[in-house]
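Fold and geometry: a report
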Amino acid sequence: MVAIVEYGMGNVASVQKALRFLNVDSIVTANFEKINQSKYIILPGVGSFRQAMENLEQRNLISFLREKVTEGKPFLGICLGMQLLAEKGYEDGLTEGLGFIEGEVIRIPESNLPVPHIGWNNISIKIPQYFDKLTDSNFYFVHSYFFNAKNINDVAATVNYGSDLVAVVQKNNVFGTQFHPEKSQTAGLQVLKNFIDFYA
């Protein structure tokens with residue numbers, strides 16, 4: 001069972017639909033007991049870093065999720081959910097993150113490309129653990145900020161958008177994708193399947 005964390009920051013239905021397509025049971029919840037009973041945790045999200053952390057705080061989820069990660073429960077952050085894995089973010093002012101992976105979330109640097117970064121881009125894979133059996137490495141992105149990881153060993157993939165930006169982070173049982181696997185067709189579904197299968 002996968003617990004998809006409901007904290008008022010969007011796109012839970014599309015994540016659940018993707019899991020259903022993969023025949024993976026899931027529940028959308030903020031309930032501690034139900035998250036405890038689940039084998040995996042997925043933290044999706046669309047919107048502001050600050051608002052997301054405030055919403056998690058209101059539901060008393062911050063220390064609880066930190067506890068679950070420390071226990072070793074497989075954890076996947078998607079888009080904003082991936083950014084929240086960082087120590088801090090600067091969207092709408094400096095805000096402390098979950099702190100699962102060292103680094104900070106900063107605005108995409110100015111270039112001749114528009115911000116937000118919206119659309120399909122190929123990623124450059126550095127850690128192949130969850131990228132087995134891909135037919136391509138093209139994924140769908142929507143973001144104005146990116147995870148500036150402190151340790152290069154925590155960067156599982158990058159995307160070139162004006163410069164090389166972190167697209168995927170990974171450390172122990174924590175995995176985060178800046179792209180939306182649930183909106184990235186066959187490749188995205190394969191990444192979700194690989195994450196689930198790795199801990200099956």
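From a predicted model like this one, the values you see are computed outputs, not experimental measurements. (Residues numbered from 1 in each chain as written. Predicted model: local features only at pLDDT ≥ 70, side-chain atom pairs only at ≥ 80, totals over all residues. Heavy atoms only, no water.)

**Quick notes on the pairing of strand S11 (residues 155-160)**
Where burial is concerned, most of S11 is hidden: five out of the six residues are buried. As paired elements, strand S8 (residues 117-125) and S11 share three bridges and run antiparallel to each other. Counted as the bridge partner of Ile-123 is Val-159 from S11. Here S11 runs beside strand S12 (residues 164-171); their pairing, made up of five bridges, is antiparallel. Looking across to S12, one finds that Val-159 is bridged to Leu-165. Linking S11 back to S12 in an antiparallel pair, the connection comprises three residues, with Gly-162 at a positive phi of about 85°. (Buried < 20%, exposed > 50% of the residue type's maximum accessible area, 1.4 Å probe, protein only. Helix = DSSP H or I, 4+ residues; strand = E, 2+ residues; numbered from the N terminus. Pairing = 2+ DSSP bridges.)

**Quick word on the pattern of salt bridges**
Where charged atoms from two side chains of opposite charge come close, those side chains can pair. For the coordinates displayed, the defined rule picks out six salt bridges. Between Lys-68 and Glu-67 there is a salt bridge; the shortest N-O distance is 3.6 Å. Since its relative accessible area comes to 3%, Lys-68 is described here as buried. Lys-150 is the partner of Glu-102 in a salt bridge, and the nearest nitrogen-oxygen pair spans 4.0 Å. Placement of Glu-102 in the loop between strand S6 (95-96) and strand S7 (103-107) and of Lys-150 in the loop between strand S10 (145-149) and S11 is noted, with a sequence separation of 48 residues between them. (Salt bridge = Lys/Arg side-chain N within 4 Å of Asp/Glu carboxyl O.)

**Some points on the UniProt feature "domain: Glutamine amidotransferase" (unreviewed entry) in the chain**
UniProt's feature table lists "domain: Glutamine amidotransferase" (unreviewed entry) at residues 4-195, given in the numbering used throughout. Along residues 4-195, the helical share is 27% and the strand share 32%, with 14 Å between the first and last C-alpha atoms. (UniProt positions renumbered as here; feature names shortened; annotations may be inferred.)

**Quick notes on the UniProt feature "active site" (unreviewed entry) in the chain**
Mapped onto the present numbering, the UniProt feature "active site" (unreviewed entry) falls on Cys-79, His-180 and Glu-182. Annotated residues spanning 104 residues; largest pairwise C-alpha distance 10.6 Å, indicating a single compact cluster. When you line up the elements, Cys-79 lands in the loop between strand S4 (75-78) and helix H5 (80-83). Ignoring sequence-local partners within four residues, the contact set of Cys-79 consists of Gly-45, Val-142, Thr-177, Gln-178, Phe-179 and His-180. Under the relative-accessibility criterion, Glu-182 is labelled buried at 12%. (Contact = heavy atoms within 4.5 Å.)

**Some details on the packing of helix H3 (residues 49-58) against helix H4 (residues 61-71)**
One can describe the packing of H3 onto H4 by two numbers: an axis separation of 6 Å at closest approach and a directional angle of 90°. By the angle between their axes, H3 is roughly perpendicular relative to H4. For the pair H3 and H4, contact is made by Met-53, Leu-56 and Glu-57 and by Leu-61, Ile-62 and Leu-65, respectively. (Axes fitted to C-alpha atoms, helices over the stretch in contact; angles between N-to-C directions. Parallel < 35°, antiparallel > 145°, perpendicular 65-115°, else oblique.)

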